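What follows is the residue order along each chain.
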Amino acid sequence: MMHDEDGNRVADSMSTIEHLLRNVPEGNETVFDLLDQGGASVKTIEVKRRKLQPEPPIPPVEAELARAQARSHIFNDIGTFAGYLKREASPSGATILADVSSRLITAVLDENDDTDNEQVTMRAIEHPLFSPWGSLLERAVGVIEFSLFCMKYRRAIIEPEGRELALTFSQVKMSKAVSVHSGVGKKSLNGVLVDIEIAGERKGMVVELPETIIIDVPLFVGSPSQRIEIDLLVTNKGDDVVVYCTAADVEAQRIFAFEQMVSDLAVATGMLVGLGSISHRGWNTVR
């Protein structure tokens, strides 16, 4: 406590209650003891001040909105896909797996990226030159419809010659011979026998109908042409002649063409390329 010139006590600004309450130094404390008339402490008041931990920074909303979207491109030819992976994928962190059943190749651009595992895919698309032939398989079509089909797509037929094949099937004739057999004895023949003969006709002459044709078309966009053998079964459906087309090894040729794409991708990129499918799961944690 300070004194004035007359000897009276004057409150020091540094020791006033207001100052002691409002200006507690950081990390210190102020203690007030309330005394009774005898000078004994009856209550203690403590004023403390401590430093709080700073609040974590909140990222601005504009920064989240401005972030680019994750890449999820879909390619349809192996050449462009390989070029993109060479430019964008991490040589040490990229994983490329091909799923034969779905005809899909998926690439993770960088598995070492902790923020996002961006993925791009290559989907093998059936080639437009093969699509009409694919829709013709495993079903019966009328002989005239088949003849028109062969004429329309004759450029793909390499054996026999496409135009001659179409003209042959445009003049198919069916003849029926019905004979009734009636006999007695152990080896007798009884009943009605129907003999059906289907053949082509050119300039008044009967010609043999082919049992197979060979086409040369690519199976997928970006893949080379392949020779595909199609078996023909010419039969009757009531009074009509129909053609039933099958290709026993076309699925095997599809798999071969797709696996060749996978092999070409591995050679072009020099990266890890194999058969399988990309999959992720959450981490198992122990508490």
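Small disclaimer: the values here were computed from a predicted structure and weren't measured.

A word on the packing of helix H3 (residues 78-88) against helix H7 (residues 250-269)
For step 1, the next point in the chain: Where H3 meets H7, the closest approach of the two axes is 9 Å, and the angle between their N-to-C directions is 35°. Between H3 and H7 the crossing geometry is right-handed. Taken together, the residues of H7 that come into contact with H3 (itself represented by Ile-78, Phe-81, Ala-82, Leu-85 and Lys-86) are Met-261, Leu-265, Ala-268 and Thr-269.
For step 2, the next point in the chain: Here the residues of the contact of H3 with H7 sort into 7 nonpolar, 1 polar and 1 charged.

Remarks on the sheet that holds strand E7 (residues 104-108)
For step 1, the next point in the chain: Ordered by their spatial adjacency, 5 strands build an open sheet running E5-E8-E7-E6-E17, and the pairing between neighbours is mixed. The strands lining the two open edges of the sheet, one partner per strand, are strand E5 (74-75) and strand E17 (273-275).
For step 2, the next point in the chain: As defined by bridge partners, strand E6 (residues 95-99) adjoins E17 across 3 bridges and the pair is classed as parallel. Bridge pairing in E17 links Ala-98 to Leu-275.
For step 3, the next point in the chain: Packing against the sheet, H3 makes contact with E5, E6, E7 and strand E8 (119-123), and its axis sits at approximately 160° to E8.

Quick word on the sheet that holds strand E15 (residues 225-237)
For step 1, the next point in the chain: Pairing in this open sheet of 5 strands is antiparallel, and the strands run E9-E16-E15-E14-E10 from one edge to the other. Strand pairing shows two members of the sheet lacking a second neighbour, strand E9 (140-142) and strand E10 (157-159), which therefore form its edges. Put simply, the sheet's adjacent strands are angled 40° from each other on average, direction ignored.
For step 2, the next point in the chain: Where E15 and strand E16 (residues 240-246) come together, 7 bridges link them in antiparallel fashion. Across the sheet, the residue bridging to Val-234 is Val-243, located in E16.

Conventions and cut-offs
- Residues numbered from 1 in each chain as written.
- Predicted model: local features only at pLDDT ≥ 70, side-chain atom pairs only at ≥ 80, totals over all residues.
- Heavy atoms only, no water.
- Axes fitted to C-alpha atoms, helices over the stretch in contact; angles between N-to-C directions.
- Helix = DSSP H or I, 4+ residues; strand = E, 2+ residues; numbered from the N terminus.
- Left-handed = near helix turned anticlockwise from the far one by under 90°.
- Contact = heavy atoms within 4.5 Å.
- Nonpolar A, V, L, I, M, F, W, Y, C, P; charged D, E, K, R; others polar.
- Pairing = 2+ DSSP bridges.

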